[in-house]
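Coordinate analysis (summary)
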Amino acid sequence: MKTKITELLDIKYPIIQGGMAWVAEHNLAAAVSNAGGLGLIGAANAPYEVVKDEIEKAKAATDKPFGVNIMLLSPHAESIAKLVVEEGVKVVTTGAGSPEKYMKMWKEAGIKVIPVLASVALARRMERAGADAVVAEGCESGGHIGESTTMALVPQIADVVKIPVIAAGGIADGRGLLAALSLGAQAVQVGTRFVASKEAVVHEAYKNRLISAKDIDTVVTGRSHGHPVRCLRNNMTREYARLESEGKSFEELEYLTLGALRKAVQEGDVVNGTVMAGQISGMIAQVQTCSEIIENMVAQAQKLAGSAMQWF
Ligand SMILES: Cc1cc2nc3c(=O)[nH]c(=O)nc-3n(C[C@H](O)[C@H](O)[C@H](O)COP(=O)(O)O)c2cc1C
């Protein structure tokens, strides 16, 4: 399966694993890269030393390319931006803003820069700034989201930029992969599906909650403050919604969710923790290895592409 993204990133399949806070550590990233996709370490709010250690462990676990997702609002963003250069990381994806101020340094180091975004305007701006590709992330996604759906966003971005587009949000099988390619994407970024993988170091309770989730089980919190986050409905989201409807400030709500994702991912508290997950959770039926997930996606997409020829 060759696309502009498999060529650009030197990977076998056009499948990237999202850089998920607390979830995307070196075991998952290396497993995805070893399976032919591109694994990412999610730096989130982690400090320099922690991310350095993760990168070094990933290097020991795979000889394939992998990347780092940098959350630009992190207090450690600046030092992580330098760390990826020092460590010779091949690919950087960025979230929560514009990475323009690091672009020159990264490009000089030969790093492929791929901002994650949710609007046509930002995609145009990132292309002008020198990005190698963009991830167009629809609001079906787990975690922090924008307003447009993947179906609407991807073709609109693909129409206006020359750099390759990677579709994210609501993709978990070969149908999603083929659909994304049909919309003009050159690859997909998958988050939620990889949380329910064998290699993800995520508490069993979190994985089981994903498997039991129905199509309508996600909710979006934080819309009123312009920081929407998609997660599975539980005590935490109900309490958040109650406080949000009472007009509590963003800071008060932030305090409520402090450490809540870690509590769910590491301690398995899926009742009072934050269970970030996308709308596609309802389709996930079992925990599989990253290799099984990727091989199944590719095989299903190829089979469907073959039968699609007969529709015309
Ligand atoms: C648990 C979880 C944590 C996430 N954390 C981050 C993050 O720290 N940075 C980021 O850019 N995206 C983050 N995301 C979004 C993913 O990288 C990816 O773009 C998204 O999950 C794709 O949509 P899907 O969940 O429908 O597959 C997160 C998603 C999940 C499910």
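Residues numbered from 1 in each chain as written. Predicted model: local features only at pLDDT ≥ 70, side-chain atom pairs only at ≥ 80, totals over all residues.

Identification of the chain as Probable nitronate monooxygenase from Johnsonella ignava ATCC 51276 is taken from an unreviewed UniProt entry.

Two elements in contact, helix α6 (residues 120-129) and helix α7 (residues 150-160), have axes whose closest approach is 9 Å; the angle formed by their N-to-C orientations is 35°. The interaxial crossing formed by α6 with α7 has right-handed handedness. Residues Val120, Ala123 and Arg124 of α6 form the contact with α7, whose own contacting residues are Gln156, Ile157 and Val160. Grouping the constituent residues of the contact of α6 with α7 by class yields four nonpolar, one polar and one charged. (Axes fitted to C-alpha atoms, helices over the stretch in contact; angles between N-to-C directions. Helix = DSSP H or I, 4+ residues; strand = E, 2+ residues; numbered from the N terminus. Left-handed = near helix turned anticlockwise from the far one by under 90°. Contact = placed C-beta atoms within 7 Å. Nonpolar A, V, L, I, M, F, W, Y, C, P; charged D, E, K, R; others polar.)

Attention now moves to the environment of alanine 213. If you trace the backbone, alanine 213 turns up in the loop between α10 (204-212) and β10 (218-221). Here alanine 213 falls in the buried class, since 23 other C-beta atoms lie within 10 Å of it. (Buried ≥ 20, exposed ≤ 12 C-beta atoms within 10 Å, placed from the backbone.)

Extensive coverage of strand β5 (residues 112-117) is indicated by the burial of six of its six residues. Examined bridge by bridge, strand β4 (residues 91-95) and β5 share four bridges and lie parallel to one another. Bridging from a neighbouring strand, threonine 93 pairs with isoleucine 114 of β5. Where the polypeptide runs from β4 across helix α5 (residues 100-108) and back to β5, its parallel neighbour, the crossover connection is right-handed. Looking at chain direction, β5 and strand β6 (residues 134-137) are connected through two bridges and run parallel. Looking across to β6, one finds that leucine 117 is bridged to alanine 136. What joins β5 to β6 is α6, and the crossover it makes is right-handed. (Pairing = 2+ DSSP bridges. Right-handed = clockwise from strand over helix to strand, strands pointing away.)

Within the largest apolar cluster, 93 residues are counted, with the highest numbers of intra-cluster contacts made by Val134, Ala136, Ile166 and Val188. Sort the elements by how many residues they give to this core and helix α14 (residues 290-308) lands first, with six residues. In terms of domain composition, this core takes at least three residues from each of domain 1 (4-198 + 288-307) and domain 2 (204-281). The residues touching isoleucine 166, leaving out its near neighbours within four places in the chain, are Ile5, Ile16, Ile114, Ala133, Val134, Val135, Ala136, Ala185, Gln186, Ala187, Val188 and Gln189. (Core = buried A, V, L, I, M, F, W, Y, C linked by C-beta atoms within 7 Å. Domains from an automatic or database assignment.)

Turning to the sheet that holds strand β7 (residues 143-144), a few remarks are in order. In space, the three strands of this open sheet follow the order β7-β11-β10, with antiparallel pairing throughout. Across the chains shown, the open sheet's two edge strands, defined by having one partner strand only, are β7 and β10. Looking at chain direction, β7 and strand β11 (residues 229-232) are connected through two bridges and run antiparallel. Looking across to β11, one finds that glycine 143 is bridged to arginine 230. Sheet strands touched by helix α11 (residues 235-245): β10 and β11. Its angle to β10, the strand with the most contacts, is close to 35°.

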